[in-house]
Amino acid sequence: MERCVWRLIKKMKKPFIQANDIWKIYYMGEVEVPAIRGISLEIEKGEFIAIIGPSGSGKSTLMHILGCLDKPTKGLFYLDEEDILKASENRLAAIRNDKIGFVFQQFNLLARRSALENVETPCLYAGKSRRERIRRARESLAKVGLEEKRFSHHPNQLSGGQRQRVAIARALINDPDIIFADEPTGALDTRSGDEILEIFQQLNKEGRTLILVTHEKYVAQCAQRIIHVKDGKIDSEELIAQ
Amino acid sequence: MIASELAKVALQNLMINKLRSFLSMLGIIIGVTAVIAIISIGQGATEMIQETISSLGSELITISPGYRGGWGGRAARTAGGIFTLELGEELRKKSPNVAQLVPSIQSGGLLKYGENNYQASIVATASGYENIFNHTIAEGRFLIAEDVDNCRKVVVLGSNVARELFGNQNPLGKKITIQMGQGRFIFEVVGVLESKGQVMFFNFDNQVYIPVTTMMKRMTGSKYVNSYSAQATDSEEAIKQVEFLLAKKLEDPDLYNVTSQEEILETIQQVSSTMILMLAGIAGISLLVGGIGIMNIMLVSVTERTREIGIRKALGAKKKDILIQFLIEALVMSMVGGAVGLVLGWAVSVLVSRYGGWTPTLSMFSVVVGIGFSSAVGLVFGIYPAMKAAKLNPVEALRYE
Ligand SMILES: Nc1ncnc2c1ncn2[C@@H]1O[C@H](COP(=O)(O)OP(=O)(O)O)[C@@H](O)[C@H]1O
Ligand SMILES: [Mg+2]
């Protein structure tokens, strides 16, 4: 009886992300390189999760799959109740544009565009008008605390911390359901790294779902739940008492 | 809306690497310049030739001896000894659409007056020739019927000849010596023609005119003339009538040729348009080479910007967004090249036309060809690199260093 109710609830509301025994195998000529080896995991909206593990353990690969940049070789993967393995390339692009924001270790800003234009880009692919794009981009940049006078600067005129703020503003502009950050502090000094982490914590307080990939324990401590990854598998999970 | 945005981005990208963009466009620029210049110069020159030919009168018909090709042991030669004065008279009288018809014999001779002498073409003909060829008399008169009837030794000079022999003197009434072969003949100048200028390879101003009978009876003793020139009221009908009469008289159709000015015009038009097309085709090949240059630079650009493509895809760019971005870049490059080529080609044809002496024409056709071809080249050669960019896997593109 109890199990029946539980099942019913589960049927009514699937978790936002549901991954079931997903594998990612790279083929290098004859050699198979399994980067992800059977990972299952569920993420609810509003969670702040850290994925931690040594270099080469498959963290980035996992993030790319969860972020719909890549499809798993096998397994089941639902995002917002949609079967991602069956989705077309165009659909994946639309999902990334609409529901997902990325922040990378190397910032990955467009070098020849100003901060404002960089932040606008996802809005451009969403087909928004120029006015709307600029309005949202300014709002987004203000939210991450970039001074207005820097809006027209190109990435090479900004510090690492400022660049990562621009990247976060860009991830936020289409009001995504979830933000993935792959070693967002990896290229930063401790102080600006801490500032970036503060922004993430603030975002989570406002109800944003966050997945933070890192290999540093103290970075992972910001999250509510830490998933340890090793050799392409989940090693253990721990909940952090806030 | 995205397309206009992407066009702006494409333009900005081209401006970042100005020298490189220019060098990539060079092939297209040269190709379009050549196409535009060749078409415009060709049309201008053809129109000028047509105009001068038309100035001879479009209802002009020439009846000349046929050319017999060498075959089966016979030597190739021009048929001779068939056109008599009587035949000419008969053709004129029996063809209702022939208004005027004059015989002519072309020959050359040395003209002398005092110390001056001049080597001129001598045309032996009859009264009416001046009307058929639209000549205007500057001084005196042209040959008249009495000159021909009485085999008078009178001569009408072309403007060049008159100037060379007489300078500023009045030539009318003066006696000149014409030396032809072994014979020397004294002629009286009765008229001078207005200058007509060069008509293709032929200069009327270097000619002198004497009565055809004088040439035949007093100078050469020949019974035959070289050809007839006729003025028709309807050249198509006139040709039919003349050909019918000649066929009855001469039986062998190889012995004569009847051509109208219109036919000559048509032939020139055909020949020149074939030439223009051929040259434009060659110029088109350089457009093709230009296209390959654009494809090359676009492929380089796609490789260089692999990471950018990865970023854009991660942010939600669809395949078609990337495709359009790179295609627009190729298109902008080829169309800017085409526009520059259009301007340059026009400049070249204006310059050349100034030397050639015709009015330069920029036809809609060449503008369409220039712009159309260059954008087609941009599309054709831009699509492959653009597709390559669009197909990139986002994760691999992001990993690219
Ligand atoms: N495109 C690829 N081809 C082959 N092997 C790959 C590719 N991408 C990642 N790998 C391998 O998969 C493993 C996991 O990589 P990655 O997810 O980047 O690890 P992490 O981010 O935890 O450092 C590594 O052993 C890496 O060499
Ligand atoms: Mg990594």
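(A) Region of interest: the domain arrangement of chain B. According to the domain assignment, chain B contains domain 1 (3-52 + 267-399) and domain 2 (60-233). Distance from the C-alpha centre of domain 1 of chain B to the C-alpha centre of domain 2 of chain B: 56 Å.

(B) Seen up close, the interface of chain B and chain A. The interface of chain B with chain A comprises 27 residues on the first partner and 29 residues on the second. Run the count over chain B and chain A and you get two salt bridges. With a closest N to O distance of 3.6 Å, Arg112 of chain A and Glu308 of chain B form a salt bridge. For the pair chain B and chain A, the interface holds five residue pairs in polar contact (both at pLDDT 80 or more). Mapped by element, the contributors of at least two residues to the side of chain B that touches chain A are α1 (2-16), α10 (306-314), α11 (319-356) and α13 (394-399) of chain B. Looking at side-chain class alone, the side of chain B that touches chain A contains 11 nonpolar, five polar and 11 charged residues.

(C) Structural detail: the packing of aromatic side chains. Across all of its chains, the model carries nine aromatic pairs over all chains by this definition. Measuring from ring centre to ring centre gives 5.8 Å for Phe102 of chain A and Phe104 of chain A, while their planes differ by 15°; the resulting arrangement is stacked. For the ring pair Phe142 of chain B and Tyr209 of chain B, a centre distance of 5.5 Å and an interplane angle of 55° mean the geometry is tilted. Residue Phe142 of chain B is located in the loop between β6 (137-140) and α5 (145-149), and its partner Tyr209 of chain B is located in strand β12 (residues 207-211); the two are separated by 67 residues in the primary sequence. Judged by its relative accessible area of 4%, Phe142 of chain B is buried. Lying over the aromatic face of Tyr78 of chain A, Lys14 of chain A brings its terminal NZ or CZ to 4.0 Å of the ring centre. The ring of Trp23 of chain A carries the charged tip of Lys74 of chain A above its face, separated from the ring centre by 4.8 Å.

(D) Highlighting the pattern of salt bridges. One pass over the structure, following the stated rule, counts 31 salt bridges over all chains. Residues joined in a network through salt bridges with shared partners are Arg112 of chain A together with Arg305, Glu308, Arg312 and Glu329 of chain B.

(E) Summary view of the sheet that holds strand β2 (residues 31-43) of chain A. Residue and element names in this part refer to chain A. Across the sheet, four strands lie side by side as β2-β1-β4-β5; this open sheet has antiparallel pairing. The open sheet is flanked by β2 and β5 (82-83), the only strands paired with a single partner. Bridge count for strand β1 (residues 17-28) against strand β4 (residues 74-79) is five bridges, and the pairing is antiparallel. Residue pairing across strands places Ile17 opposite Leu79, the latter belonging to β4. Where helix α2 (residues 59-66) meets the sheet, it contacts β1, β2 and β4, and its direction lies at approximately 120° from that of β1.

Rules used throughout
- Residues numbered from 1 in each chain as written.
- Chains lettered and ligands numbered in written order.
- Predicted model: local features only at pLDDT ≥ 70, side-chain atom pairs only at ≥ 80, totals over all residues.
- Heavy atoms only, no water.
- Domains from an automatic or database assignment.
- Contact = heavy atoms within 4.5 Å.
- Salt bridge = Lys/Arg side-chain N within 4 Å of Asp/Glu carboxyl O.
- Polar contact = N/O pair within 3.5 Å; in protein donor to acceptor, adjacent residues only side chain to side chain.
- Helix = DSSP H or I, 4+ residues; strand = E, 2+ residues; numbered from the N terminus.
- Nonpolar A, V, L, I, M, F, W, Y, C, P; charged D, E, K, R; others polar.
- Phe/Tyr/Trp six-rings, centres within 6.5 Å; stacked < 30°, edge-to-face > 60°.
- Buried < 20%, exposed > 50% of the residue type's maximum accessible area, 1.4 Å probe, protein only.
- Lys NZ or Arg CZ within 6 Å of the ring centre and 35° of its normal.
- Pairing = 2+ DSSP bridges.
- Axes fitted to C-alpha atoms, helices over the stretch in contact; angles between N-to-C directions.

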